[in-house]
Amino acid sequence: MRVQSVALGILFAAVCCAQQPAAPPANKPTPRTEDGHPDLSGRWGGAGGFFAFKDDEGTHIYLPSREAPKDKDPDGKLRRYYLQVDGDKQRAANPNKPPYKPDLLAKVRQLDRDENKLDPVVQCHPPGVPRMGPPARIVQSKGWIVFMYVTEPGNFSRLIPTDGRPHRTDLDTSYNGDSVARWEGDTLVVDDTGFNDDTWLGSDGWYHSEAMHVVERFTREGDTLRYEVTVEDPEVFTQPWVRPGRTLRLNTNPKDEISDAPYCHAVDADHIVNHDHF
Amino acid sequence: MRLRTFYFSFAIAGALALAAFPVFAHHSFTAEFDVEKPVTFTGTVTGLEYYNPHVQVYLDVAAEDGKIDKWHLESGPPNQWQRGGLRKAMLAPGTMVKIRAYRAKDGTQNFAFLRDLTFLSGPQNGTHFELWIGGLDEQGRPIYPGQK
């Protein structure tokens with residue numbers, strides 16, 4: 001199958017560049033605010049892993065299933081997009097899993113198995129910190145920084161003080177917790193506590209307790225933003241979990257700007273017949 | 001008739017790992033729909049629910065016995081439609097479309113996942129939109145729903 005180059009360009013713009021740990025452009029200085037800290041403001045990353053492409057023939061796809069794979073195609077148009085990799089194997093091969101206490105692994109496996117019914121985000125619950133990843137847009141001002149997120153359960157924002165104040169102790173637990181931030185050199189370190197336990201850390205049954213403590217680190221170099229996350233949860237982990245870091249590019253495409261979120265409503269949970277999940 | 005085809009796709013798991021807009025409210029296609037039970041028909045749009053994580057489309061389909069079958073189609077997320085150029089206003093009630101879809105595994109009558117649609121009336125008459133789950137990575141290799 002030939003994929004038109006124009007379409008590939010769209011693909012690169014929408015998907016690829018969001019993931020590549022791009023080398024900091026040497027000729028792009030990191031913008032700074034009046035107080036000398038890096039200015040993290042901007043629209044960061046891609047726009048949802050969606051892309052458009054055209055091909056000159058029909059195409060079809062094989063969808064991995066925990067059921068026995070069946071090499072059939074309804075139209076007889078098998079193409080290179082015929083996908084045959086097993087999602088379970090992919091998950092099993094992931095070397096960076098949260099370090100759950102051994103006696104909790106059976107529970108994690110069970111949650112993983114029942115993910116398509118039990119994962120809170122499948123029912124449109126907020127994904128929370130840190131599952132929703134880095135913000136899509138950052139607005140930085142004196143003493144405060146605002147993180148804005150786009151997720152399918154909804155658009156969320158976090159207003160975080162950067163003036164050195166301590167955590168509040170008068171708040172109930174919540175999806176995004178209570179966050180305070182400080183500068184360590186040119187890295188903004190965001191400390192998060194006060195979480196509820198209605199979020200997971202991933203779709204593999206990675207639950208956590210209200211004792212979860214998250215530290216996020218943001219480092220801007222030119223037009224790239226490095227995002228790193230460490231998760232502690234003494235109730236369920238044997239040691240802190242360092243999630244794989246990500247490098248995001250500044251995104252100046254006005255079409256990728258945040259827009260209002262459609263209502264999230266899971267209408268078809270009753271039709272799920274097996275344990276398949278992503 | 002003008003015939004334009006739009007193939008567009010979404011890389012669910014790719015979005016999980018790669019993009020700043022996470023996509024993760026989806027269930028797996030294979031948990032609910034059967035790729036071996038394709039169905040093709042022509043119908044008239046009666047309603048549309050522009051929900052995350054799946055747009056829902058409702059159609060009246062003329063059955064052989066003269067009756068009207070009420071069809072319910074599930075599609076991808078609104079972001080897929082938006083970025084592919086498929087707008088909810090295009091599917092105003094009364095719009096005629098040809099549909100290819102995959103039936104639900106649980107046996108629910110007239111419930112299926114939308115694979116593609118071709119407009120048979122209105123301003124988009126003749127335009128074809130292909131909606132499928134998957135995509136390519138930067139090397140042109142498939143991205144598939146099970147990938148992290």
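Residues numbered from 1 in each chain as written. Chains lettered and ligands numbered in written order. Predicted model: local features only at pLDDT ≥ 70, side-chain atom pairs only at ≥ 80, totals over all residues.

### Looking at the environment of A:Thr252
Piece 1. Following the sequence through the fold, A:Thr252 ends up in the segment after strand 10 (241-249).
Piece 2. For the pair A:Thr252 and A:Asp163, spaced 89 residues apart in the sequence, the C-alpha separation amounts to 29 Å. (Helix = DSSP H or I, 4+ residues; strand = E, 2+ residues; numbered from the N terminus.)

### Section: the sheet that holds strand 4 (residues 144-151) of chain A
Piece 1. Spatially, 1-3-4-5 (chain A) is the arrangement adopted by the four strands of the open sheet, whose pairing is antiparallel. The sheet terminates laterally at strand 1 (42-43) and strand 5 (154-161) of chain A, the two strands that pair on one side only. (Pairing = 2+ DSSP bridges.)

### Some remarks on unusual backbone geometry
Piece 1. Of note, the bond from A:Val129 into A:Pro130 is cis; its omega dihedral lies within 30 degrees of zero at 0°.
Piece 2. Residue position: A:Pro130 is located in the loop between helix 4 (115-118) and strand 3 (137-141).
Piece 3. A cis amide bond, omega -5°, links B:Asn52 with the succeeding residue B:Pro53.
Piece 4. With respect to the element layout, B:Pro53 can be found in the loop between strand 2 (33-49) and strand 3 (56-62).
Piece 5. Of note, A:Cys124 is a non-glycine position whose phi angle comes to about 70°, a positive value.
Piece 6. Relative to the helices and strands, A:Cys124 is located in the loop between helix 4 and strand 3.
Piece 7. Despite not being glycine, B:Asn110 has its phi angle at roughly 60°, a positive value.
Piece 8. Considering the arrangement of structural elements, one finds B:Asn110 in the loop between strand 5 (96-104) and strand 6 (111-119).

### Points about the pairing of strand 2 of chain B
Two faces make up the sheet, and in a regular strand the side chains alternate between them.
Residue and element names in this part refer to chain B.
Piece 1. Here strand 2 runs beside strand 5; their pairing, made up of eight bridges, is antiparallel. Opposite Thr42, over in strand 5, you have Lys98 as the bridge partner.
Piece 2. Of the pairings in the sheet, the one linking strand 2 to strand 3 comprises five bridges and is antiparallel in character. Residue pairing in the sheet places Leu48 in a bridge with Val57 of strand 3.
Piece 3. In sequence, strand 2 turns back onto strand 3 through a hairpin of six residues.

### Some remarks on the nonpolar core
As a rule of thumb, nonpolar side chains are buried together in soluble globular proteins.
Piece 1. Ranked by internal contacts, the top residues of the largest apolar core, which has 28 residues, are A:Leu40, A:Tyr149, A:Leu225 and A:Val231.
Piece 2. Elements that contribute at least two residues to this core include exactly strand 4, strand 7 (187-193), strand 8 (213-221), strand 9 (224-232) and strand 10 of chain A.
Piece 3. Counting 27 residues, the second-largest nonpolar core is a separate cluster that includes B:Leu48, B:Val57, B:Phe119 and B:Leu131. (Core = buried A, V, L, I, M, F, W, Y, C linked by C-beta atoms within 7 Å. Buried ≥ 20, exposed ≤ 12 C-beta atoms within 10 Å, placed from the backbone.)

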